Amino acid sequence: MDQQQQAHILLFPFPALGHIKPLLSLAELLCHAGLHVTFLNTDHNHRCLTHLQPLSTHFPTLRFESISDGLPTDHPRNVQLVGDLIFSVKSVTKPRFRDLLADLSTKSEHPVTCVIADGIMSFAIDIAKELGVRAMTFWAFSPCGLWSFLCMPKLIEEGQLPVGGEGDDMDQMVRSVPGMESILRRRDLPDICRQQVDDPLFQFFVEEFKAITRTSALILNSFDQLEALTLSHIDPLFSRIYTIGPLTALLTSRIAHDVSRSLSSFNNLCEADRSCMTWLDSQPLRSVVYVSFGSTGMMTRGQLFEFWHGLINSGKPFLWVVRQDGIAGVEGEHAIPEELHEGTKDRGFLVDWAPQEEVLAHQAVGGFLTHNGWNSTLEGIVAGVPMLCWPTIADQHINSRWVSEVWRIGLDMKDTCDRSTIEMMIRAMMEERREEITKSMDRIAKLAYDSANQGGSSYHNLDKLIEDIKKKV
Ligand code: UDX
C-alpha cells in the first residue's frame, strides 16, 4: 500500500455549526487529495445532518461517525446553555472518544493515523497522543482571537479581568496583548473577559487556551498576508502552523467547485430558503444590506425591533436572516413577530436561513451587517462586501475591531443597539464611507484570492499539510 492509501484522518469539530462547517471544507479538500477521512459528529448533529450521508457517495474516501454529547435529546443546545454542552462533552464524550479512537486506530481496514481536533477540545489531542496517534489542532476562531486568548493568564495575573464592571472605562487601551497595544480597548476583548474569573466557563476556556500549545501542529483558517502581526506573536509558541484559509476560497481554487453543491454548503442544520435569491435578482446593483448574526447568536425582542427600525429608516433594501431560535422571547416565546413580517414587505426580505455564501456573492449585495463570527468574516472578505459589525460572543468582539481598525474593511457598532445609530451606520457603510471601505476591501479580497490560488501561501500550505500527514504514516 502506498502512503496516500494509508493516511487516514479523523476530523473532530466542537459540536456547533461555526466549527463543523470549516472542518467539512477541510474534509472535502483532504478527500480530493485522495486521503481517507472520518468525520466525527455528535449524535445530535449527525441526526440533523443526515442529508450528508448520501454525499459520501461523491467522496468515496469519506465516512461519518457519531458519538454522544451526553445531553438529553430534547436539550435546546443553544448559546445560552453552551456551558451544558461544553461540560457534557468534556465528561461524557471524552471516554467514549477514547474507545472509538482505540478501535479506529487499530481495528479498521484503514487505521486512523492522524486526529485533527477542534481547538477547544484538548482532551481529543491528549487521548490521541496517549494512543500513539498523531494529533493536530484546528482553530475555528480567528487568529487575532487566539492571540488574545493566549494572553488571558497574563491579563488575569495583572488583575485586568473581568472587564465591564461598574465604573470601568471600556475604551481604555489594553496593554498586555503584545502587538495590539494601540488596537485593543477593553470592550474589544473576547466576551468571556466580561465574566468573573472564578466562573466555571471562564476557567474552562482559560485551561483550554493553556492546553492548545501541547498540539503538534496548529491549523488556522486564515492566510498569512492577513495575519502577519498575529502570526509573528503566536508562531514561536507552536511547533508547526499551517495557515490554509479562507477554506471556502481554497475549495473554489482546488476543486472545480460549485458552492451550492459542496460538502460544506450541506452544513445547514436547517434548510436554506432559496427564494431570497430570486428577490435579490430584482434589486439594484450593490443596493442591498444582507443581515445575519450567524448560527447561534441571540437577540432580545427589543434589539430585534431596534435593528428593524434602523434598517427601515436607512432607506436601503435589506435581506435579513431571522432564525426562529435567534430571538430570546418573553416567557419562552420565540416566534418572529407578525408585524415585522408585514412591515418588511415593501423594502426587505426575511428568511429563517439563507444560502449565505451565494447571497454574499450576489451582485445586488452592497453591505453585510454581521456578528463577525469567523466564518462570516472570512466569507465577507472572499465576497469583497463591506461590513457593519455587531459582535455578540466569543472572538467576535476582537474580530470586529480588526475589521474596522486594522483591515479597515468595515465599521464597528459593538455595544450599541439603538435605531438611530443603526440607521446612521448603515448609511455610512452604504454611502459616506463606501468608497474608502471598498478600496481596502478590494485589496484584502485580492490578497485572499491570491493566497488560495496556485502560487499563494494557503494553497502551498495545504499541500504541505497533506504531504506532512502522509509522511508521518
Ligand atoms: C461560531 C462563533 O460564533 C464564531 O465567533 C466563531 O468564530 C466560530 O463559531 P457562528 O456564530 O455560527 O460560529 O458564526 P460563523 O462563524 O459566522 O458561522 C456561521 C456559518 O453559518 C457561516 O459559515 C455562514 O455562511 C452560515 N450561515 C449563516 C448560513 O449558511 N446561512 C445563514 O442564514 C446564516
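Sequence order as written defines the numbering, with residues in each chain counted from 1. Reporting of local features is limited, given that this is a predicted model, to residues whose pLDDT is at least 70; pairs of side-chain atoms are given and counted only at 80 or more, and all residues count toward the totals for whole chains, interfaces and linings. The side-chain quantities take in all heavy atoms of the structure and omit both hydrogens and water.

Enquirer: What is the right way to read the overall build of the protein from this model?
Expert: Per the secondary structure count, the protein includes 20 helices and 15 strands. Only C-alpha atoms enter the radius of gyration; for comparison, a globular chain is expected to reach 2.2 Å times N to the power 0.38, where N is the number of residues. A compact globule built from 473 residues should have a C-alpha radius of gyration of about 23 Å, and the protein, at 22 Å, falls within 12% of that. Principal axes of the C-alpha set define a box for the protein whose edges measure 65 × 50 × 50 Å. Classification of residues uses two cut-offs on accessible area relative to the type maximum, computed with a 1.4 Å probe and protein chains only: under 20% is buried, over 50% is exposed, and between them is partly exposed. Per-residue burial for the protein yields a buried fraction of 59% across its 473 residues. By definition, residues are in contact when any of their heavy atoms lie within 4.5 Å. Restricting the contact set of the protein to residue pairs at least 6 apart, pairs at least 24 apart contribute 72%. None of His or the chain ends enter the tally, which takes Lys and Arg as positive and Asp and Glu as negative. Working definition for charges: the position is that of NZ of Lys, CZ of Arg, CG of Asp or CD of Glu. In the protein, 43 positive and 60 negative side-chain charges are present, and the distance between their average locations comes to 5 Å. Helix and strand definitions follow DSSP, with helices as H or I runs of at least four residues and strands as E runs of at least two, each counted in order from the N terminus.

Enquirer: What am I meant to see in the packing of aromatic side chains here?
Expert: Two aromatic rings, taken as a pair, are described by how far apart their centres are and by the angle between their planes. The pairing test for Phe, Tyr and Trp rings, Trp by its six-membered ring, is centres within 6.5 Å, and the orientation test on the planes gives stacked under 30 degrees, edge-to-face over 60, and tilted for anything in between. Summed over all chains, the structure comprises 21 aromatic pairs. On the numbers, 6.4 Å between centres and 85° between planes, the contact of Phe305 with Trp308 is edge-to-face. With Phe305 and Trp308 both in helix α13 (residues 301-314), this residue pair falls three residues apart, about one helical turn. Taking the relative accessible area as the measure of exposure, Trp308 reaches 13% and is therefore buried. Grouped by ring-pair contacts, the aromatic residues Phe87, Trp139, Phe141, Phe149, Phe204, Phe205 and Phe209 constitute a single cluster. Positioned above the aromatic ring of Tyr459, the side-chain terminus of Arg254 is 3.8 Å from the ring centre. Any Lys NZ or Arg CZ found within 6 Å of a ring centre and within 35 degrees of that ring's normal is scored as a charge over the ring.

Enquirer: Hey, could you run me through the site of the ligand in this one?
Expert: Lining the immediate surroundings of the ligand are 23 residues, of which Ser295, Ser376, Glu379, Asp395 and Gln396 lie closest. Taking Trp353, its side chain carries an N or O atom lying 3.4 Å from a nitrogen atom of the ligand. For the shell around the ligand, the secondary-structure elements that each account for two or more residues are α2 (17-32), β8 (288-292) and α16 (374-383). Amino acids outside the nonpolar list (Ala, Val, Leu, Ile, Met, Phe, Trp, Tyr, Cys, Pro) and the charged list (Asp, Glu, Lys, Arg) are all regarded as polar, and Gly is one of them. Class assignment of the residues belonging to the shell around the ligand gives a composition of eight nonpolar, 12 polar and three charged. Each domain's extent is set by a domain assignment, obtained either automatically or from a database. Taken domain by domain, the shell around the ligand gets at least three of its residues from each of domain 1 (3-267 + 454-471) and domain 2 (275-432). Consider each residue's heavy atoms; a residue with any of them within 4 Å of a molecule or strand counts as near. As used in this structure description, the phrase polar contact means that two N or O atoms lie within 3.5 Å; if the pair is within protein, one of them must be able to donate a hydrogen and the other to accept it, and residues adjacent in sequence are counted only when both atoms belong to side chains.

Enquirer: Would you take a moment to explain the pairing of β8 for this structure?
Expert: The side chains of a regular strand alternate, first on one face of the sheet and then on the other. Of all five residues that make up β8, five are buried, and the element is covered over most of its length. Here β8 shows two buried faces, one formed by Val288, Tyr290 and Ser292 and the other by Val289 and Val291. By definition, two strands form a pair when at least two bridges between them are found by DSSP. Judged from the five bridges that link them, β8 and strand β13 (residues 365-370) form a sheet pairing that is parallel. What sits directly across from Val288, in β13, is Val365. Where β8 lies against strand β10 (residues 318-321), three bridges are found, and the strand directions are parallel. For Val291, the partnering residue across the bridge sits in β10 and is Trp320.

Enquirer: Any chance you could explain the side chain of Glu227 here in plain terms?
Expert: For Glu227, the position within the fold is in the loop between β6 (218-220) and α10 (228-234). For this analysis, a salt bridge means a side-chain nitrogen from Lys or Arg found within 4 Å of a carboxyl oxygen belonging to Asp or Glu. Although Glu227 lies buried, it forms no salt bridge, and the closest oppositely charged side chain, Arg443, sits 12 Å away as judged by the N-O distance. Among all residues touching Glu227, those that are not within four sequence positions of it are Pro143, Cys144, Ser222, Trp374 and Trp407.

Enquirer: Honestly, the pattern of salt bridges in this entry has me stumped. Any pointers?
Expert: Two side chains with opposite charge may pair up if their charged atoms get near one another. Inspection of every chain in the model, using the stated rule, returns 30 salt bridges. The closest approach of N and O atoms between Asp412 and Lys414, which form a salt bridge, is 2.6 Å. Accessibility assignment for this pair places Asp412 and Lys414 in one class, buried. The structure contains a network of salt bridges with shared partners spanning Asp171, Arg185, Arg187, Asp188, Arg194, Arg401, Asp412, Lys414 and Asp415.

Enquirer: Would you mind showing me how to read the sheet that holds β8 here?
Expert: Whether parallel or antiparallel, the strands of a sheet pair through hydrogen bonds between backbone atoms. Overall, parallel pairing links the six strands, which are arranged β12-β10-β8-β13-β14-β15 in an open sheet. Pairing within the sheet leaves two strands with one partner each, and these edge strands are β12 (348-351) and β15 (410-412). Mean inter-strand twist for the sheet, computed between neighbouring axes without regard to direction, equals 15°. To get an axis, a line is fitted to the C-alpha atoms, and for a helix only the part in contact is used. The angle between two axes follows their N-to-C directions and goes from 0 to 180 degrees. Lying over the sheet, α13 contacts β8, β10 and β13, oriented at roughly 165° with respect to β10. Across the face of the sheet, helix α17 (residues 396-406) comes into contact with β14 (387-389) and β15 while running at roughly 130° to β15.

Enquirer: So what exactly am I meant to see when it comes to the side chain of Lys21 here?
Expert: Of note, Lys21 is situated in helix α2. A distance of 2.9 Å separates the side chain of Lys21 from the side chain of Glu357, its partner in a polar contact. Within the local environment of Lys21, its side chain forms a polar contact with the side chain of Glu379, the two groups lying 3.1 Å apart.

Enquirer: Where do I start with the nonpolar core in this structure?
Expert: The nonpolar side chains of soluble globular proteins are, as a tendency, buried together. Among the nonpolar cores identified, the biggest contains 92 residues, and Phe97 and Met152 are the most heavily contacted of them. When residues of this core are assigned to their parent elements, the largest contribution, seven residues, is made by helix α5 (residues 82-104). Per-domain counts for this core show at least three residues from each of domain 1 (3-267 + 454-471) and domain 2 (275-432). One finds Leu35, Phe39, Phe138 and Leu250 within the second-largest nonpolar core, a separate group that totals 38 residues. In this description, a nonpolar core means a group of buried Ala, Val, Leu, Ile, Met, Phe, Trp, Tyr and Cys residues linked to one another through side-chain atoms lying within 4.5 Å.

Enquirer: Help me understand the sheet that holds strand β1 (residues 8-12), please; the structure alone is not making it clear to me.
Expert: Taken together, the seven strands give an open sheet; going across it, the order is β3-β2-β1-β4-β5-β6-β7, and neighbouring strands pair in parallel fashion. In this open sheet, the two strands that pair with only one neighbour each are β3 (62-67) and β7 (241-243). Pairs of neighbouring strands in the sheet enclose a mean axial angle of 20°, with direction left out of account. In the sheet, β6 pairs with β7 via three bridges, with the strands oriented parallel. Bridged to Ile219 within β7 is Tyr242. Contacts from helix α6 (residues 122-130) reach β1, β4 (114-118) and β5 (134-139), with the element oriented near 165° to β5.

Enquirer: I keep staring at the domain arrangement of the protein and nothing clicks. Help me out?
Expert: How big an interface is tends to be stated in terms of accessible area lost as the parts join. Domain annotation of the protein identifies domain 1 (3-267 + 454-471) and domain 2 (275-432). Taken together, the contact pairs 36 residues of domain 1 with 27 residues of domain 2. Between domain 1 and domain 2, the buried area comes to about 2,800 Å², and carbon and sulfur atoms account for 64% of it. We define buried area as the total accessible area lost by two parts upon association, computed with a 1.4 Å probe and summed across both. By the criterion of area lost to domain 2, the three top residues of domain 1 are Val79, Asp191 and Leu226, representing 18% of everything that side buries. Put simply, domain 1 and domain 2 have six salt bridges between them. Measuring nitrogen to oxygen at the nearest pair gives 2.6 Å for the salt bridge that ties Lys414 to Asp188. The set of elements that each furnish at least two residues to the side of domain 1 that touches domain 2 consists of α2, α7 (143-150), α10 and α11 (247-254). Here the side of domain 1 that touches domain 2 gets five residues from one element, more than from any other, and that element is α7. Looking at side-chain class alone, the side of domain 1 that touches domain 2 contains 18 nonpolar, 11 polar and seven charged residues.

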